[in-house]
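Below, each chain spelled out in residue letters.
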Amino acid sequence: MTSKYNIITFLPVNLFEQFQEVANTYFLFLLILQLIPQISSLSWFTTIVPLVLVLSITAVKDATDDYFRHKSDNQVNNRQSQVLINGILQKEKWMNVRVGDIIKLENNQFVAADLLLLSSSEPHGLCYIETAELDGYEFCRVLDLFDENTIENFEFDLVVCEPPNNKLDRFCGTLYWRECKYGLSNQNMLLRGCVLRNTESCYGLVIFAGPDTKLMQNSGRTKFKRTSIDRLMNTLVLWIFGFLVCMGVILAIGNAVWEREVGFLFQSYLPWDPPVDNFLFSAFLSFWSYVIILNTVVPISLYVSVEVIRLCHSYFINWDRRMFCNRSSTPAEARSTTLNEELGQVEYIFSDKTGTLTQNIMTFNKCSINGRAYGERHVYGNVVPIIARNKFLFSLNRDFCFYDASLLEAVKVGEPAVHEFFRVLSLCHTVMSEEKSEGELVYKAQSPDEGALVTAARNFGFVFRSRTPSTITTQELGKAVTYTLLAILDFNNIRKRMSVIVRTPEGRIRLYCKGADTVLFERLHSCSHDVMNITSDHLNEYAGDGLRTLALAYRDLSEEQWAEWAERYRGADKAIDCREDRLAAAYEEIEQDLMLLGATAIEDKLQEGVAETIAILSLANIKIWVLTGDKQETAVNIGYSCKMLTDDTTEVFIVNGHTVQSVREDLRLVSCSLGNGFSSGDAANCVPDQEKCAQPQAPPTSVLESISGEFALVISGHSLAHALEADMEQEFLETACACRAVICCRVTPLQKAMVVELVKRHKNAVTLAIGDGANDVSMIKTAHIGVGISGQEGIQAVLASDYSFSQFRFLQRLLLVHGRWSYLRMCRFLCYFFYKNFAFTMVHFWFGFFCGFSAQTVYDQYFITLYNIVYTSLPVLAMGIFDQDVPEQRSLEYPKLYEPGQLNLLFNKREFFICIAQGIYTSVVLFFIPYGVLSQATQSNGVPLADYQTFAVTTATALVIVVSVQISLDTGYWTAINHFFVWGSVGAYFTILFTMHSSVLFNIFPKQFHFLGKANTLAQPVVWLTIALATVICIAPVLAFRFLKLDLKPQLSDTQKKWKPGGRAGRRVGGIGGSQGGALGRLGRGGSRRSGYAFAHQEGFGELITSGKNMRLSSLALATFASRHSASWIDTLRKKKHNPHMYSLNHSAVDETCLNK
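The protein goes by Phospholipid-transporting ATPase in an unreviewed UniProt entry, where it is assigned to Pygocentrus nattereri. Of the comments in the UniProt record for the protein, the one headed Sequence similarities (unreviewed entry) reads "Belongs to the cation transport ATPase (P-type) (TC 3.A.3) family. Type IV subfamily." What the UniProt record of the protein gives under Catalytic activity (unreviewed entry) is the line "ATP + H2O + phospholipidSide 1 = ADP + phosphate + phospholipidSide 2."

This is the structure:
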């Protein structure tokens, strides 16, 4: 549920949110004052009509936004699931799934709730799932059924489990069955957000549903987001109200003095109105009267105009064809209409990796075999697709291409090293194969890397066909070959390699190994050093291209070596204590004296334009942090691919500590390397018992600003958990912010949100989070702005976002064009709005000193009502919607134009005071110039012009003309709409003026229209000379100041305006561009080679394969198994439904005593 309202809560909740705006509360207070006749000189409808209009428009906008959220929520909640009800599978909506239901899932379906896996169509009860929405992984995990031997007769009594929580990697529970206890772990769970893959069907028991699921527990609450300009305006409204009170107090004091010294002289023919009986009470009422009269310093039309402008900006985003993805027919969508100007102030972007920066597509691009590099290394290389005429290829993948024909020739001529290279790829893996039909071979890879490597070998003639627990069958250049599988030395993140030991058909025993080059090179035989040096150069080149690399090697074993090692291996495998350590030692023993074959280079394809987008955003002084659930090597590799990390990066620091102390020491080591000493406690020590940094102590922020060089920080999830603790978070934040790039890997969804919240809380900067999966929802909701990518990982991120589109590259246009323009327009709109209203309102203040402080208005009430609604609203609205300072192409070519928004230069407290100072100056001119001239002027017939109504018309006309000229100067981009609104508003003023002052309306409504014929005073030349003089005095200083500023201190946008339309300035975005000791690692750039190793693989598949648990049966046997399994399973479930006491489910702590239903 991502919506905020329902039918019952909409009105109270929405009104509560709207009255959090100080201005709305302010106008409600004024409305109450206007209902008191003794103090109100204006009709109540002048406030209540605009207030109701504002509240209604905002409510309609909010209701529309929430309607679309409800619509999106319903798309998810109305997804169908097959639920077992009364022994029959029935269709049920997700929203109706309850704890204790048993659900059937089919291949490629989303998991509707957190399920306990009960049964699977796969033999041995295995289940393959994709967890991309949870942890960013696209590959499939394997879940093991808790007891595969009891599926058919399974009747449980009670499930006791932990209460709902957000721990994605942990589940603890107990199953009670036949007076026995069975422990439940995360391996028995199917979590909501996962997708069933490569599994025909499975059944699961709902443990957590709805908001209790681990996915929703990580999503966080939908928050009411407000822009920094909204928050500033709340502060300014309070200041303005204080200023208004001060003016009211001054005028009230003046009223008291005037009534005491002068007013008593008029008591005989102008007595006080009851209940006024003394000058103090008269002053008290005068104060509230002036509060009402002067309230237009913050007109309510301001908020209506702001909402209209934001709505139009949102439609501009929706209508932008350059943000439309033709491939998926997906337009950009502004799902929130209240944050547009915030897009122009972003300083930190927090991005997911999988599906956001990458396409989740792996391609085999290049390789190095026996010291020779193959692939697209030169511009003369030809694109050679693998097509059907190559008869030695089996079950071709027509999408596979390789850009070097010489590798095909090497395979054809039978080069031994090339054949052995592809033989390693076809044998050393944990891929499962299935032949759907004759000639259609389908691979089920546990990771996309393995799938790409095995597919490459297949297309070059070395086809992996099938496997059993003890054999691997391949087809090598059309010839079927069966190898005896002796052992699988499994992969893990510490070993960074995997090996298989096979017996060839000729009887030789050979070990094949693939893994990180930094690991394999240490285990090579001395005779491979020459090849290693050449291969290292190739690997360095591949790493520089951002490719993911693996080194391949082999070793021949004698029968004696194998027999001795196999005995030690079996002993380690059966050990009860320290089994993992003993197995690791056994693996280490046999994986020595390897012969290097070469290396592979796989491209984890980035989304289109990612590298360029990151480069442009970096030039705009936007810092990008990658927060991913992926492993460290993969995250770093993508960092280089998308140019967040480059060969020019001074140093890449890796924080990988597992304890609080080790993480603190790592961060202090990084601080010392950055030249950053911390002033508190003993933080100046890099590590205990080591030499202190030579840098002088200083506050972190001041030191960070002076750091030179480009640094990067990579921190793992377990280290981040300690770094986010209260006593270390500031140290972590200052260190991270000193780096050009930050990559947080292996992080949970909640940690993503915590990192965003940390930056929000301490840096006073606008943050933006972008992601495409449900694991990104929490940070999307936490950030000031949330952007969802409508990609391959469902729509959860889009539903929770404020903006959505289909490609990461559209982010640069969203920020640098739409965001920058929205901020510019809103700032110019606000500056002008405050100016024109202070110019309008302050005339009443000066007039108070000449009317006996009687709360008399200068203008007639119709001018007061129409000034902000008709005469001046549309021109400023057009400027706020359409204005530009430079064309959109310039905004992209010169990202530095974005910086004024980050620094909040265009509208802040200083700019506000400048605007009101100009408004006050204008009001002084508009009052005293007409007052001084008209007090001595006469008409051509000798009749004096020194009357109240002539003065009011002259001042009002001068005001309309001055503010119209001012907005003409402020408008930087003229459209036909701007011209129509500006000059049309002036025309509307004169039309209404002559209509209101006509004798026709006076004869019909004599009490409402008092200014009979006073518009005719505009026929007097002295009146127009007065208006012209006032206009020149108001505008001349503004023009002079702007010309001087343009010449002496021009902004970057001013310099860009001077370029001719045909002139093009070159972009400056194209060229942007070790081993780990202890927990803190460094990838230095001082000429050393960095590894491009990245392998998204999971531990444990070797044991599954050798145990035979994940082996497919033959088609006939599989069909028999499935039918027998399904029939007996359904029968069992039907029995359970007829006996409701057979099982129950209880959520509690594991050690709690639970009662059966």
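Let us keep going from here.
S.K.: Teacher, can you tell me more about the overall build of the protein here?
M.R.: Of the regular secondary structure elements, the protein holds 37 helices and 36 strands. Here the protein, with 1157 residues, has 57% of them falling under the buried criterion. In the structure as shown, the protein presents an accessible area of about 47,500 Å², 57% of it carried by carbon and sulfur atoms.

S.K.: Any chance you could explain the environment of Ala 334 here in plain terms?
M.R.: Tracing the backbone through its elements, the reader meets Ala 334 in strand β13 (residues 333-334). Judged by relative accessible area, Ala 334 falls into the buried class, the value being 9%. For Ala 334 and Tyr 315, which are 19 residues apart along the polypeptide, the C-alpha to C-alpha distance reads 7.5 Å.

S.K.: It is not clear to me how helix α32 (residues 976-996) should be interpreted in this structure. Could you clarify?
M.R.: Helical periodicity: at 3.6 residues per turn, an α-helix aligns residues three or four positions apart in one direction. The first and last C-alpha atoms of α32 sit 29 Å apart over 21 residues, in line with the 30 Å expected at 1.5 Å per residue. Most pronounced at Gly 984, the bend in α32 amounts to some 25°. Listing the buried residues of α32 in full gives Asn 978, Val 982, Ser 985, Val 986, Tyr 989, Phe 990 and Leu 993. Where the residues of α32 are buried, they touch α26 (861-871), α27 (873-882), α31 (948-970) and α34 (1021-1048).

S.K.: When you look at the environment of Leu 311 in this model, what are you seeing that I'm missing?
M.R.: Relative to the elements of secondary structure, Leu 311 occurs in helix α8 (residues 301-318). Given the relative accessible area of 34%, Leu 311 is considered partly exposed. Along the sequence, Leu 311 and Thr 337 sit 26 residues apart, while their C-alpha atoms lie 5.6 Å from each other.

S.K.: Just checking my understanding: could you explain the nonpolar core for this structure?
M.R.: Within soluble globular proteins, side chains that are nonpolar tend to cluster in buried spots. Ranked by internal contacts, the top residues of the largest apolar core, which has 96 residues, are Leu 830 and Phe 863. Here the element with the most residues in this core is helix α25 (residues 810-848); it accounts for 18 residues. If near-sequence neighbours (up to four positions away) are discounted, Leu 830 is found in contact with Ile 229, Met 233, Leu 302, Val 306 and Phe 907. Judged by nonpolar contacts, the second largest core, of 51 residues, contains Ile 349, Ala 620, Ala 712 and Leu 892.

S.K.: How should the UniProt feature "active site" (unreviewed entry) in the protein be read in this particular structure?
M.R.: Listed under "active site" (unreviewed entry) in the UniProt record, and renumbered for this structure, are Asp 352. Along the chain, Asp 352 turns up in the loop between β14 (346-351) and β15 (358-369). The exposure class assigned to Asp 352 is buried, which follows from its relative accessible area of 0%. In contact with Asp 352, not counting residues within four places along its chain, are Leu 357, Leu 627, Thr 628, Lys 752, Ile 770, Gly 771, Asp 772, Asn 775, Asp 776 and Met 779. At 3.4 Å, the side chain of Asp 352 forms a polar contact with the side chain of Lys 752.

S.K.: Any chance you could explain unusual backbone geometry here in plain terms?
M.R.: Trans peptide bonds make up most of the peptide bonds, and negative phi angles are found at most residues other than glycine. Phi angles above zero are rare outside glycine, and Asn 108 is one such case at about 70°. With respect to the helices, strands and loops of the structure, Asn 108 is situated in the loop between β3 (102-106) and β4 (114-120). The phi torsion at Asn 764 lies on the positive side, around 50°, for a residue other than glycine. Relative to the helices and strands, Asn 764 is located in the loop between α22 (749-763) and β32 (766-771). A residue is classified by how much of its surface remains accessible, and Asn 764, at 73% relative accessible area, is exposed.

The rules behind the values
- Residues numbered from 1 in each chain as written.
- Predicted model: local features only at pLDDT ≥ 70, side-chain atom pairs only at ≥ 80, totals over all residues.
- Heavy atoms only, no water.
- UniProt positions renumbered as here; feature names shortened; annotations may be inferred.
- Helix = DSSP H or I, 4+ residues; strand = E, 2+ residues; numbered from the N terminus.
- Buried < 20%, exposed > 50% of the residue type's maximum accessible area, 1.4 Å probe, protein only.
- Areas by Shrake-Rupley, 256 points an atom, 1.4 Å probe, with all protein chains shown as cover.
- Expected span 1.5 Å × (residues − 1).
- Bend = angle between axes of the 7 residues up to and from the residue.
- Contact = heavy atoms within 4.5 Å.
- Core = buried A, V, L, I, M, F, W, Y, C linked by side-chain atoms within 4.5 Å.
- Polar contact = N/O pair within 3.5 Å; in protein donor to acceptor, adjacent residues only side chain to side chain.

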